[in-house]
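Listed below are the residues making up each chain.
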Amino acid sequence: MGSDAASRSDLPDGHVVPRFAGISTFARLPHTRDLTDVDVAVIGLPFDGGTSYRPGARFGPQSIRAVSTLLRGFNPVQSVEPFSELRVVDWGDAATSPVSIEDAFGAIEDAVGTVLAANVFPLLLGGDHSVSLPVLRTLAAKYGPVGLVHFDAHPDTWDVHFGRKYTHATPFRRAIEEGVLDGRRYVQIGIRGSLPKRSDLDDARALGVTILSADDVYRMGIEATLGRICEVATGSVYVSVDVDVCDPAFAPGTGTPEVGGFTSREMLAMVRGLAPLELVGFDVVEVSPPYDHGEITAILAANLAYELLSSLVGRLAPQGRGDGGRPAV
Ligand code: MN
Ligand code: MN
């Protein structure tokens, strides 16, 4: 390993300085924009100007950070210490304008572009789902068109919402149109609930998208679902988790809740199972703290991010990044 600047060992002992003390960064990691010898940067994308129903996801990053201070160093299920084996920092937030979606997208592209230019893996905290489009643009500039593992109750591949092209219901159709997302390497998991039109899912499939509905997953089981995901999402792959993929019992604090979704445990297992993929970025979006209860949804989001970080240890730590970036040390 290189510099220990971002390693867990520099952080206050949770049994000396209580975890609720101090200023909340993600998992109490150092807040810095120095990307020297960094593997993963956590970036907040506090924007909800693409929301169509309940607002509030602009407060998602600060809510996730606040509860993430309880994340501890050792993940016993994956048998890794993500904050020691990886160098992880909290980069802070993109400066997303609340009154211009174009300006907000520009700020997200700037932030994620800065991190990617340093060969650092971006771990993103939304924000509504519109934020994934500028992230995909930035990833494609580095890797070419990417594949996508998209957990959501909703396909988010509609054409327009309220007569507008850029909303939280349309990012992935735009991404395919822009050539930054390969529809044939794109799988949606957890789709369910009532839809505006009978043709909505066929419209998504016409883009090449593979849809595994919530019922499909219950019928197939987690292992078979992961197998299908790995068949579709080849090459460089982005992972996007809309927390509404979980049931409102497990994720009440979100903009567009749908009953009949996954449990927290099922989502943890699915995120954990993505380790074999060539992951190039991750987001967890649509946490809306004003509708949360007991911080249920923020805690879920923080732990999904932690599980994904743990899955990256095998990819980023021993061999260095697969993109020819900084060599292993
Ligand atoms: Mn979504
Ligand atoms: Mn959704």
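These remarks concern the structure in this document. Treat the numbers as computed from the prediction; the structure is a model and nothing was measured.

With that settled, consider the pattern of salt bridges. Counted according to the given criterion, the structure contains 16 salt bridges. Among the ionic pairs, D182 bridges to R185, the shortest N-O distance being 3.4 Å. Exposure class is identical for D182 and R185. Each is buried. Taken together, the salt bridges that share partners define one network made up of D159, K165, R174 and E177.

Further remarks concern the coordination of the manganese ion (ligand 1). Within the protein, the atoms that donate to the manganese ion (ligand 1) are H129 (ND1), D152 (OD), D156 (OD) and D242 (OD), at distances of 2.1 to 2.2 Å. As a motif over one chain, the donors of the manganese ion (ligand 1) read H-x22-D-x3-D-x85-D. The metal-metal distance between the manganese ion (ligand 1) and the manganese ion (ligand 2) comes to 3.3 Å, with D152 coordinating both. Of the two residues, H129 sits in the loop between β3 (121-126) and α4 (132-143) while D242 sits in strand β7 (residues 236-242), which places them 113 residues apart along the sequence. This pair shows no difference in class: H129 is buried, exactly as D242 is.

Strand order in the open sheet formed by eight strands is β2-β1-β3-β8-β7-β4-β5-β6, with parallel pairing between adjacent strands. Looking at the sheet topology across the chains shown, the edges are occupied by β2 (88-93) and β6 (210-213). Neighbour-to-neighbour, the strand axes of this sheet turn through a mean angle of 15°, independent of strand direction. One ladder, built from four bridges, connects strand β5 (residues 181-191) with β6; its direction is parallel. Bridge pairing links V187 to T210 in β6. Packed on one face of the sheet, helix α10 (residues 296-316) meets β1 (40-45), β2, β3, β7 and β8 (278-285) and runs near 170° to β8.

The next point concerns the packing of aromatic side chains. A full pass over the atoms with the stated rule returns four aromatic pairs. Over the aromatic face of W91 sits the side chain of R33, whose NZ or CZ is 3.6 Å from the ring centroid. When the ring centre of Y143 is taken as origin, the NZ or CZ atom of K142, which lies over that ring, is 5.6 Å away.

Looking at helix α8 (residues 222-232), one finds that the buried residues are T225, L226, I229 and V232. When α8 is viewed along its axis, its buried side chains cluster within an angular range of 125° and face the same direction. Those residues of α8 that are exposed and angled more than 90 degrees off the buried face are E223 and E231. Check the buried side of α8 and you find it contacts β4 (146-151), β5, β6, α7 (214-220) and α9 (264-272).

Cut-offs used in this document
Residues numbered from 1 in each chain as written. Chains lettered and ligands numbered in written order. Predicted model: local features only at pLDDT ≥ 70, side-chain atom pairs only at ≥ 80, totals over all residues. Heavy atoms only, no water. Salt bridge = Lys/Arg side-chain N within 4 Å of Asp/Glu carboxyl O. Buried < 20%, exposed > 50% of the residue type's maximum accessible area, 1.4 Å probe, protein only. Donors = N, O, S within 2.8 Å, 3.2 Å for Na, K, Ca; no water. Helix = DSSP H or I, 4+ residues; strand = E, 2+ residues; numbered from the N terminus. Pairing = 2+ DSSP bridges. Axes fitted to C-alpha atoms, helices over the stretch in contact; angles between N-to-C directions. Contact = heavy atoms within 4.5 Å. Phe/Tyr/Trp six-rings, centres within 6.5 Å; stacked < 30°, edge-to-face > 60°. Lys NZ or Arg CZ within 6 Å of the ring centre and 35° of its normal. Arc of directions from axis to C-beta.

From the geometry alone we can't say anything about function, so treat these as descriptive.
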